[in-house]
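Commentary on secondary and tertiary structure
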Amino acid sequence: MRTPESQSAKTGAEEEASYDLSSSLDSASNKNKIFSISNKDLSPEVFHQAVEHAPVAISITDLQANILYANRAFSKVTGYSSDEVIGKNESILSNHTTPRLAYQALWGRLLQKKTWSGLLVNRRKDESLYLAELSVAPVLNEAEDVVYYLGMHRDSSDLHELEQRVNNLSQMISTVINSSPIAIALLDKASNIILMNPTFQKLVTDLAPDKSLDEAKDILFHLLGEDYATLKADGIGFHSHEVTFAEGGPNQRWYVCNGTAITLEDENPGGFFNQPESQHNLLTIDDITEFRKRQQDSQLNALKALIAEEELAHATRETFNGAIHSLQGPVNLIGAALTMLERRTEKFSQDDPVLQALRDAQTAGNEALENLISSLPVSQEQAKIPVNINEVVRNVISLSTQKLLAHGVVIDWQPAKYLPTIASREGKLVSAFRNLVDNAIEAMSDSHIVNRELIIRTSSDKHVVRVEIIDSGPGIPEQLRFKIFEPFFSTKTPHKGGRGMGLSMVQETILEHAGTVTVNNKHSPGCCMVVEIPFC
């Protein structure tokens, strides 16, 4: 270093001098001069030995930055022995890559008789580079004049490398998390969000666009149910928990969720020796909507084939039941007539040809009924699986699209966003709701009905899932609201087909699910069919 008066004459190399001060005072006079500290208990030699064996590289320079003393740690860090650096300028350690601004700041502080601390890139004797964490302080005499500069530094290359590696890793992890299509959130024990990525924020916004983040988060926890409650209470994770909600209209979203408990140690210094731990919960939520839609399309095609088969069997059973119903009356009349005639034995012989003819007719009629009954197509039992009613109705709408368009019916689909699943034979349930939708479409098919609107609304309470199918047709007269569910009763004109088994079959299917199907008496105009099915 140079004095302030000669500062402007410093060379660039001197100005970039590294202040990892190390120099060894080779004369006893220099030692006594520097360590002339009077203390009744400690001699100057004690101070000298303390500096000499200090683990930090220490050097003392004159005002021109020429090294006067360097301790052993200085030699260990730089590779230069004490004899090699005494009298040399600190610039021998400079790699000349440290910005000039750093040196200007250093000299500016020293000229103000203040300490400077910072980082410099230094070069060892073997030409290898290291990062020096340096502090340079002016040494003042009794007149408060600067007489020496004291430099202390340590090799912080490993620490810098570790910090940089941690920073890079943090940056990479942050980039991966923030750009991930999977929603990720870390929550504390009280379910407060510690961090979340943009995908998670968008997800909770979609869940409840008109609610706050905390309210939307609570809705998500409600959908996760017992799985999240167990994770929060006991730290037991869960995997592949699928949730679904409707966004309104025909849209529906599917997500698969995973939860993992993470134990983190306290960061406060007070817990250094006895680290307290706290549980955090990591949620990852993957949008599988596209996969589910493709799967649903495939299932819908299979469902169409199943329903077509079911409808054919239904039509066949309806025909057979109609024939059985029609034949049962005459057979019963023949039986009644035969009984009456047999009681009049005094007037008719048991061998009377009329009685015999009646007996033959009754036998033939019963055999025909038995043949018809035995020929009824057997309904294939479908396994019960968890079904979301919104999906059932959506499938019905897809299957009835052509009929809706053909009759100019506008559909208003109002699904509940969150519905519990029910155990159901899906094919039969789809057939039942399709029957209700088809009846509603046909009720609005009369030419005098201009406004043809079909509203389908789903909801749930603590016990049942509720579906309302509302049409703008002429409605059902009050005196017929119970008869419509009787077999073979129909309000349709003969040329429109149907033998009155549709609503009867609907009621039978809904009863199999322990539910009810009714007509809302309070709704007017039009007709409102209400289906309620309990869930576990």
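A short tour of the structure in this document, coming up. (Residues numbered from 1 in each chain as written. Predicted model: local features only at pLDDT ≥ 70, side-chain atom pairs only at ≥ 80, totals over all residues. Heavy atoms only, no water.)

Considerations on the overall build of the protein chain
When helices and strands are counted, the protein chain shows 16 helices and 17 strands. Burial status across the protein chain gives 40% buried among its 536 residues. Of all intrachain contacts in the protein chain linking residues separated by at least 6 positions in sequence, the fraction that spans at least 24 positions is 61%. For the protein chain, the accessible area works out to roughly 29,400 Å², and carbon and sulfur atoms hold 55% of it. (Helix = DSSP H or I, 4+ residues; strand = E, 2+ residues; numbered from the N terminus. Buried < 20%, exposed > 50% of the residue type's maximum accessible area, 1.4 Å probe, protein only. Contact = heavy atoms within 4.5 Å. Areas by Shrake-Rupley, 256 points an atom, 1.4 Å probe, with all protein chains shown as cover.)

Remarks on the nonpolar core
Counting 41 residues, the largest nonpolar core has Ile389, Phe433 and Leu454 as the members making the most contacts within it. Broken down by secondary-structure element, the contributors of at least two residues to this core are α11 (289-343), α13 (389-399), α15 (426-443), β14 (453-460), β15 (464-471), α16 (502-512), β16 (516-519) and β17 (527-534). If you tally residues by element for this core, the top one is α15, at eight residues. When sequence neighbours within four positions are dropped, the list of residues in contact with Phe433 reads Ile389, Val392, Val396, Val467, Ile469 and Val531. Formed by 23 residues, the second largest nonpolar core is a distinct cluster that contains Phe221, Tyr228, Leu231 and Leu283. (Core = buried A, V, L, I, M, F, W, Y, C linked by side-chain atoms within 4.5 Å.)

Section: the environment of Leu129
Residue position: Leu129 is located in strand β4 (residues 129-140). Taking the relative accessible area as the measure of exposure, Leu129 reaches 44% and is therefore partly exposed. For Leu129, the residues in contact, after removing those within four places along its chain, are Asn95, Val121, Asn122, Arg123 and Arg124.

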